[in-house]
Amino acid sequence: MVKRIYLCKQYLSHFFCPRHFTMADLHFFNPGNDLALASGQRYYTPPSAAVAMGHAGTWLPLLLGKEGDYILAGNHQKIPAAICNWDHGMKAWHGEDVSALRPWGWSLWTMESYARAFRKANAAWSNSFENCADIRRVSALSHRRTSVELHNALRSGLAPVEAFCRADIEHALDRWERVVGKSPLSGSGRGVFHGSRQSADAFIRRCNTAIARQGSVMIERELVPIAEFAMLFTMSRSSGIRFTGYSLFETSGDTYMHNTLLPDDEIRRHLQNLCRSTDFRVLEEEVTEAMRRIVRPVPYDGYFGIDMMIFDNGGVPAVNPCIEVNMRTTMGVVAWNATRRLLHSESSGHFGVSCRSETHPHATWLDGRLSEGCITLSPPDSDITFFIEAIRN
């Protein structure tokens, strides 16, 4: 009997050791995912701009993961010195055991990128990784017609139209004087173009190109923005969808520039002051309930975001509750986590991207949090720089 107990303990100690029950996740910043998803290809080559962005944002998952997680960093194994004052508890991955994959976005190309990294590291690939996401469902939800479903559920009256032919395009131009065309599977400002009745021929040509490539094009009324923001959500296959927080951001044209780092309550108060006719807490609940119906079943565990806008509706501020649904992690999620986990409670600031090398002022840390100054999150050889700027209130 004594021997039996000893063998049982020996077996259990082996079976329950951390190596067999690791809870570490493997994060991967892959901004080329939107284009890869549109291509439908597993063996996809992202454009050079997406590669450069991926290089610059290698370490953004430091603001997404938890202590003990790993980052798929490729050849960039050294975490930027600017973040060394922050106890994030994450490391570059060298083939260690992980329990789940946490990419920026899911596609067949994402899965292949992970599989290739595991082969290169001689790491054991688990068949369970293939079940981390329902990629077909991700692709369907990433189509811009999801925004039509959401608009209809909220009865906003602002839903885009899906055009399949020239007649549909001309009908949209007759309905709205100024319009925005969007490729159905695109994101982050890509595949977006503007038109009007005066430039109808050029706009129709762009629409026809999108239709030839993806079968249709989305067209919506062009709005005059007052403020751009997003609602952020977390979803889980076990617990469903819940509202997570806010993102307040600025763009130049259709290109992302930066987020303002503020607590959710302050962002909500700011939006409420801009558009008093909308109760944003009620809107949060309505959008959450609508997305629970639209997204079911949940395709992966992680974040997604819905870009929104306060716009000038004939001199009266109004809310467009869905510019687009981003069925992936977003820059707003990074900014939201930076506010909660990195920024000092008595500071505000910005998280953003710059396309030029800049000299940043000395950063001041207080109680392990960024209190004042600016830090860069990108490798030193990157032509693009992700930064966090803190301003003492």
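Rules used throughout
- Residues numbered from 1 in each chain as written.
- Predicted model: local features only at pLDDT ≥ 70, side-chain atom pairs only at ≥ 80, totals over all residues.
- Heavy atoms only, no water.
- Helix = DSSP H or I, 4+ residues; strand = E, 2+ residues; numbered from the N terminus.
- Rg over C-alpha atoms; globule rule 2.2 N^0.38 Å.
- Buried < 20%, exposed > 50% of the residue type's maximum accessible area, 1.4 Å probe, protein only.
- Contact = heavy atoms within 4.5 Å.
- Areas by Shrake-Rupley, 256 points an atom, 1.4 Å probe, with all protein chains shown as cover.
- Arc of directions from axis to C-beta.
- Axes fitted to C-alpha atoms, helices over the stretch in contact; angles between N-to-C directions.
- Parallel < 35°, antiparallel > 145°, perpendicular 65-115°, else oblique.
- Left-handed = near helix turned anticlockwise from the far one by under 90°.
- pLDDT = per-residue confidence, 0-100.
- Pairing = 2+ DSSP bridges.

Draft legend 1. The arrangement of the overall build of the chain in detail. Looking only at helices and strands, the chain has eleven helices and 17 strands in total. Expected size for 393 residues packed as a compact globule is a radius of gyration near 21 Å; at 23 Å, the chain falls within 12% of this value. Referenced to the eigenvectors of the C-alpha coordinate spread, the extents of the chain come out at roughly 85 × 45 × 40 Å. Looking at the chain residue by residue over its 393 residues, the buried ones come to 52%. A separation threshold of at least 6 residues defines the contact pool for the chain, and within that pool the share at least 24 residues apart is 67%. In the form shown here, the chain has an accessible surface area of approximately 19,400 Å², with 51% of it arising from carbon and sulfur atoms.

Draft legend 2. Examining the environment of Asp-168 more closely. Within the secondary structure, Asp-168 sits in helix 7 (residues 166–175). Taking the C-alpha atoms as reference points, Asp-168 and Ala-50, 118 residues apart in sequence, are found 32 Å from one another. Those residues within four positions of Asp-168 in sequence are excluded, and the remaining contacts are Glu-162 and Ala-163.

Draft legend 3. Broad picture of helix 5 (residues 135–142). Listed as buried for helix 5 are Ile-135, Val-138, Leu-141 and Ser-142. Looking straight down helix 5, one finds its buried side chains confined to an arc of 125 degrees; they lie on one side.

Draft legend 4. Just the packing of helix 7 against helix 8 (residues 200–214), in detail. Relative orientation of the contacting elements helix 7 and helix 8 amounts to 135 degrees, with a least axis distance of 10 Å. Relative to helix 8, the element helix 7 lies oblique. Of the two elements, helix 7 crosses helix 8, and the hand of that crossing is right-handed. Contact residues: helix 7 offers Arg-166, Ile-169, Glu-170 and Leu-173, while helix 8 offers Ala-200, Phe-203, Ile-204, Cys-207, Asn-208 and Ile-211.

Draft legend 5. Highlighting the confidence of the model for the chain. Averaged over all residues, the pLDDT of the chain is 90; the fraction at 70 or higher stands at 91%. Note on residues 1–21: pLDDT is under 50 here. Beyond four places in sequence and across chains, it has five contacts.

Draft legend 6. Local environment of the pairing of strand 8 (residues 217–221). Here strand 8 lies mainly inside the structure; four of its five residues are buried. The sheet contact formed by strand 5 (residues 161–163) and strand 8 spans three bridges and is antiparallel. Counted as the bridge partner of Val-161 is Ile-219 from strand 8. Across four bridges, the pairing between strand 6 (residues 178–182) and strand 8 is antiparallel. Looking at strand 8, one finds that Val-179 is bridged to Arg-221.

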